[in-house]
Amino acid sequence: MKVSDEVAIQITKMNKWYGTFHVLRDIDLTVYRGERIVIAGPSGSGKSTMIRCINRLEEHQAGSIVVDGIELSSDLKNIDKIRSEVGMCFQHFNLFPHLTILENCTLAPIWVRKIPKKQAEETAMHFLEKVKIPEQAHKYPGQLSGGQQQRVAIARSLCMKPRIMLFDEPTSALDPEMIKEVLDTMVELAEEGMTMLCVTHEMGFARQVANRVIFMDAGQIVEQNEPEEFFNNPRHERTKLFLSQIL
Ligand code: ADP
Ligand code: MG
């Protein structure tokens, strides 16, 4: 698959602290439009923090992050724009339990994007069809399986028409038999050219879909490469250790 020359995300010398704890150190990362990046690394290495900085769920303190040409700063207007350009899907689906699947998918488009209800519902149905659960539209999240709820969460993000999707371990809370249906949805998105950053331990997915694997440890990007090289010929000792533990 072709990856463009257009920069989607540019992170330069980015540092973040939680209080006195230096969680991200001198992160440099350029993501081109259409890239499918898998972020791997041990627990606590800063993977979630890094992707949360990209849609400003977390603030960085030094260096810069530019998303779609917009520098992330404390300017609130920018943050709204970024949040609508960058969709995010978490380990726990965070659906609103008291709203139907359809209402979960139309809430933000109606209230944030000011899209008329009928049009928002049409869009929602389109994406629920895409993730293959249109028949669940009028049920509540609690009536769906974990895999179905995660696909709703993906559809809900897509309803905002994001140009970039961030995934933070979207399958790690799921039973094994439901992992595939969620990964299949993500594969389809990737094939359609969505720019994606995925924190995941699904190394099969990384091999199949990623054009680049990034390995983080102790708040730094230690190594990055195309999947074949990354898995077959890891350079760094910490990468070798990590791969020996998970593969
Ligand atoms: P990963 O996703 O790779 O497991 P995280 O980004 O969640 O790593 O966390 C990186 C480090 O930052 C961990 O040591 C974690 O305990 C710490 N951390 C995460 N969130 C917070 C927070 N809100 N306040 C303080 N420390 C945090
Ligand atoms: Mg995490």
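Residues numbered from 1 in each chain as written. Chains lettered and ligands numbered in written order. Predicted model: local features only at pLDDT ≥ 70, side-chain atom pairs only at ≥ 80, totals over all residues. Heavy atoms only, no water.

## Quick notes on the sheet that holds strand S1 (residues 7-18)
Using the following cut-off: If DSSP finds at least two bridges between two strands, the strands pair. Strands here mean DSSP runs of E at least two residues long; helices mean DSSP runs of H or I at least four residues long; both are numbered from the N terminus. Contacts between residues were defined by any pair of non-hydrogen atoms, one from each residue, lying within 4.5 Å. Note on geometry: axes are lines fitted to C-alpha atoms, helical ones only across the stretch in contact, with angles between N-to-C directions running from 0 to 180 degrees.
Read from one edge to the other, the open sheet built from four strands follows the order S2-S1-S4-S5, with strand pairing classed as antiparallel. A strand with exactly one partner marks an edge of an open sheet, and here the two such strands are strand S2 (21-32) and strand S5 (70-71). Across two bridges, strand S4 (residues 62-67) lies against S5 in antiparallel orientation. Each residue of the ladder has a partner; that of Val 66, found in S5, is Glu 71. Most of the contacts of helix H1 (residues 47-54) go to S1, to which it runs at about 125°, and overall it touches S1, S2 and S4.

## Describing the pattern of salt bridges
Side-chain pairs of opposite charge can arise where the charged atoms are in close proximity. The condition is simple: A carboxyl oxygen of Asp or Glu within 4 Å of a side-chain nitrogen of Lys or Arg is what we treat as a salt bridge. Only protein chains enter the area calculation, which uses a 1.4 Å probe; residues under 20% of their type maximum are buried, those over 50% are exposed, and those in between are partly exposed.
For the structure on display, the rule yields 18 salt bridges. A salt bridge links Glu 59 to Arg 56, with the nearest nitrogen and oxygen atoms 3.7 Å apart. We classify Arg 56 as buried; its relative accessible area is 8%. One network of salt bridges, with partners in common, ties together Glu 6, Arg 33 and Asp 68.

## Points about the side chain of Thr 106
Topologically, Thr 106 is positioned in helix H3 (residues 101-111). With residues near it in sequence (within four places) discarded, Thr 106 still touches Ala 120, Glu 121 and Ala 124.

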